[in-house]
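# Residue-level structural notes
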Amino acid sequence: LGASWATYRALLDHVGKPVGTPLDDLAGTDVTLTTATDGNHGRAVAHVAAHLDIPCHIFVPAGLAQARIDAIVAEGATCDVVDGTYEDAVATAAATGHLVVSDTSWPGYDTVPRWVVEGYATIFDEVDEQVEAGGLPAPDVVLVPLGVGALGAATAQWFRSRGLATRLVGVEPETADCLLASVAAGEPVEVPGPHPSIMAGLNCRRPSDIAWPWVAGGFDAFLAIDDDAAREGMRALAADGIVSGETGAAGAGALLAVTGGSGDAASVESLGVGPGTTVLLLSTEGATDPEAYEAVVHG
């Protein structure tokens, strides 16, 4: 959702056409799209590029599961592995001279990432529609997997701009908790690698500059979990018929870790969950590494 809207807006800007131009009018635009990814964002950009018959070149960090690379290539994109981290892949994509559709920002590059955040708002519009249609209670707590913070920024914008007191909780891997560390420091900081978590989409060294103010000012708490917690989240969701990969199940893993007795009193209090609490979990991927998913859930 973030990638599709940002790609559309970036192409409009590139060709000088107004918002409202049909997407298919942009087919065959003489440009190459590029971005860096830990899997999901890059595949989404590649998917839109394929729909529009536009070349696409995706860069991924070393160690990314082959299944996620294969999924990007299956969309018709070229995919190269960078010998380094996600941030190294970002720098490589930015240096290509192609049209970059990144979900993170850096000095001099922030317009497209803002469009990514705008696109994510679709999620919450749909949640509101389904809550109303089903006569369901509005969420008291929202658990959000955080990488560079783009989805977190969209979450904070949605709930805080409406004056809602919904408790927002960010979830990160223990080995890549760049937003938790930045909040503790009072400014964006880097968490040095390696970032080996199976929650590949969250293995980020530093928050996005445009996401940072919204996440820092809009979230109530941050939880860092280990890979075993993510695995427990995957299994719990699978038991309810929901296929969610390692990154997607981070929120469920954090909820179980804290409320299941392994969390300390401070963590339980920060989560703000008790009897009768309605929790919204954002699952950001399916089984993007099928073999690993089967090993965790059914192995």
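Up top is the structure.
In this report, we go over the structure that sits alongside the text. (Residues numbered from 1 in each chain as written. Predicted model: local features only at pLDDT ≥ 70, side-chain atom pairs only at ≥ 80, totals over all residues. Heavy atoms only, no water.)

### A word on the pairing of strand β6 (residues 167-173)
Burial within β6 is extensive, with 6 of its 7 residues counted as buried. Pairing analysis gives 5 bridges linking strand β5 (residues 141-145) to β6, with the strands arranged parallel. Looking at the pairing, Pro145 lines up with Val171 of β6. Tracing the backbone out of β5, into helix α6 (residues 150-161) and back to the parallel element β6 gives a crossover that is right-handed. Where β6 meets strand β7 (residues 221-225), 5 bridges bridge the pair, whose relative direction is parallel. Bridge pairing links Pro173 to Ile225 in β7. (Buried < 20%, exposed > 50% of the residue type's maximum accessible area, 1.4 Å probe, protein only. Helix = DSSP H or I, 4+ residues; strand = E, 2+ residues; numbered from the N terminus. Pairing = 2+ DSSP bridges. Right-handed = clockwise from strand over helix to strand, strands pointing away.)

### Some thoughts on the packing of aromatic side chains
With the rule as written, the count across this model stands at 5 aromatic pairs. Between Trp106 and Tyr109, the ring centres sit 4.2 Å apart and the planes meet at 10°, which makes this aromatic pair stacked. Of the residues examined, Tyr109 reaches a relative accessible area of 13% and is grouped as buried. Measuring from centroid to centroid gives 5.8 Å for Phe124 and Phe159, while their planes differ by 75°, and the two rings are edge-to-face. (Phe/Tyr/Trp six-rings, centres within 6.5 Å; stacked < 30°, edge-to-face > 60°.)

### A few points about the sheet that holds β6
Strand order across the open sheet formed by 4 strands is β7-β6-β5-β8, with parallel pairing between neighbours. The open sheet has two free edges, formed respectively by β7 and β8 (279-281), since each of these has just one partner strand. On average, each strand axis in the sheet is tilted by 25° relative to the strand beside it, whichever way the strands run. Pairing of β5 with β8, which is carried by 3 bridges, proceeds in the parallel orientation. When the bridges of β8 are listed, Val141 appears paired with Val279. (Axes fitted to C-alpha atoms, helices over the stretch in contact; angles between N-to-C directions.)

### Some details on the environment of Ala46
Following the sequence through the fold, Ala46 ends up in helix α2 (residues 40-51). Taking the C-alpha atoms as reference points, Ala46 and Gly147, separated by 101 residues in sequence, lie 20 Å from one another. Those residues in contact with Ala46 that sit more than four places away from it in its chain are Cys56, Ile72, Glu75 and Ala77. (Contact = heavy atoms within 4.5 Å.)

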